[in-house]
Amino acid sequence: MENLVLSADEQDIVEEGEAANLLLNNPLFLRAIEAVRAQCAEAILTSEPGAKQAREDAYNLSRGLSAVTAELAALAARAEQVLAEAEAQTEPSDQDQPVTTPGDY
């Protein structure tokens, strides 16, 4: 990748996206997320019929994990978008290249 010029805000977005990708690609993190989701499912499936609050708590925990992973994915996607936009702005156009031979006209 060429040297891209990024604003401080864009650099922060890229760094957050890289950190998010590290988590999303970390097998231990993913195993931990899946283990807690499995515990939530087990708690929901094995709860007593009258344990409505326990089921709701387990469900909300599972949804919270989904929200965390979705936010990490969104941070990673935003970083990719910022990098793509920066690369598009730095790509030289045909008009920027000097004419050096008759075939270039």
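This text follows the structure it describes.
S.K.: Just to check I follow, could you spell out the overall build of the protein chain for this structure?
M.R.: Each helix and strand counted, the protein chain has three helices and zero strands in total. If you list the helices and strands of the protein chain from N to C, you get α-α-α. Burial status across the protein chain gives 14% buried among its 105 residues. For the protein chain, contacts bridging at least 24 residues in sequence account for 72% of all contacts bridging at least 6. Only carbon and sulfur atoms are counted for the fraction: they give 55% of the accessible area of the protein chain, which is about 7900 Å².

S.K.: Would you mind showing me how to read the nonpolar core here?
M.R.: As a rule of thumb, nonpolar side chains are buried together in soluble globular proteins. Counting six residues, the largest nonpolar core consists of A20, F29, I33, L65, L72 and A76. The set of elements that each furnish at least two residues to this core consists of α2 (27–46) and α3 (52–90). The element that contributes the greatest number of residues to this core is α3, accounting for three residues. Discounting chain neighbours no more than four positions away, the residues touching L72 are A20, L23, L24 and F29.

S.K.: What exactly am I supposed to notice about the pattern of salt bridges here?
M.R.: Two side chains with opposite charge may pair up if their charged atoms get near one another. For the structure shown, the criterion picks out two salt bridges. A salt bridge links E56 to K52; the shortest N-O distance between them is 3.9 Å. With E56 and K52 both in helix α3 and four residues apart, the pair spans about one turn of that helix.

Cut-offs used in this document
- Residues numbered from 1 in each chain as written.
- Predicted model: local features only at pLDDT ≥ 70, side-chain atom pairs only at ≥ 80, totals over all residues.
- Heavy atoms only, no water.
- Helix = DSSP H or I, 4+ residues; strand = E, 2+ residues; numbered from the N terminus.
- Buried < 20%, exposed > 50% of the residue type's maximum accessible area, 1.4 Å probe, protein only.
- Contact = heavy atoms within 4.5 Å.
- Areas by Shrake-Rupley, 256 points an atom, 1.4 Å probe, with all protein chains shown as cover.
- Core = buried A, V, L, I, M, F, W, Y, C linked by side-chain atoms within 4.5 Å.
- Salt bridge = Lys/Arg side-chain N within 4 Å of Asp/Glu carboxyl O.

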